[in-house]
Amino acid sequence: MIILKFILIVFLVAAVLVGIMVFSVFRKVNDARKQFQDMNRQQPHNVNGQGVTDTRSPEEANRKIIADDEGEYVEYEETD
């Protein structure tokens, strides 16, 4: 009976320690996530400390810079 009580106490202590470790890891991950979100929310600033604001529409901001029909094809030969 004493051995059973000892095993129960060891199990409870181990469960508490695992719970503390899981909580610690969860808190660190949550803090890193918050820090990353805060970093992404900040407005970019130039050297003078003035904010930069992009007033373009999403379609205009994501458009291709070089059209598909621009440029020229150059033939080449591989040499060893």
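Residues numbered from 1 in each chain as written. Predicted model: local features only at pLDDT ≥ 70, side-chain atom pairs only at ≥ 80, totals over all residues. Heavy atoms only, no water.

**A closer look at the overall build of the chain**
Phase 1: A tally of helices and strands in the chain yields 2 helices and 0 strands.
Phase 2: Evaluated residue by residue, the chain yields a buried proportion of 1% over its 80 residues.
Phase 3: Split by element, the accessible area of the chain, about 8600 Å² in all, is 61% carbon and sulfur. (Helix = DSSP H or I, 4+ residues; strand = E, 2+ residues; numbered from the N terminus. Buried < 20%, exposed > 50% of the residue type's maximum accessible area, 1.4 Å probe, protein only. Areas by Shrake-Rupley, 256 points an atom, 1.4 Å probe, with all protein chains shown as cover.)

**Some words on a nonpolar patch on the surface**
Phase 1: Residues Ile 9, Val 13, Val 16, Leu 17 and Ile 20 make up a contiguous nonpolar surface patch of about 470 Å² in total accessible area.
Phase 2: Residue placement: Val 16 occurs in helix H1 (residues 2-41).
Phase 3: Owing to a relative accessible area of 51%, Val 16 belongs among the exposed residues under this scheme. (Patch = residues over 30% accessible without salt bridge, like charges linked within 9 Å, V, L, I, M, F, W, Y side chains within 5 Å. Salt bridge = Lys/Arg side-chain N within 4 Å of Asp/Glu carboxyl O.)

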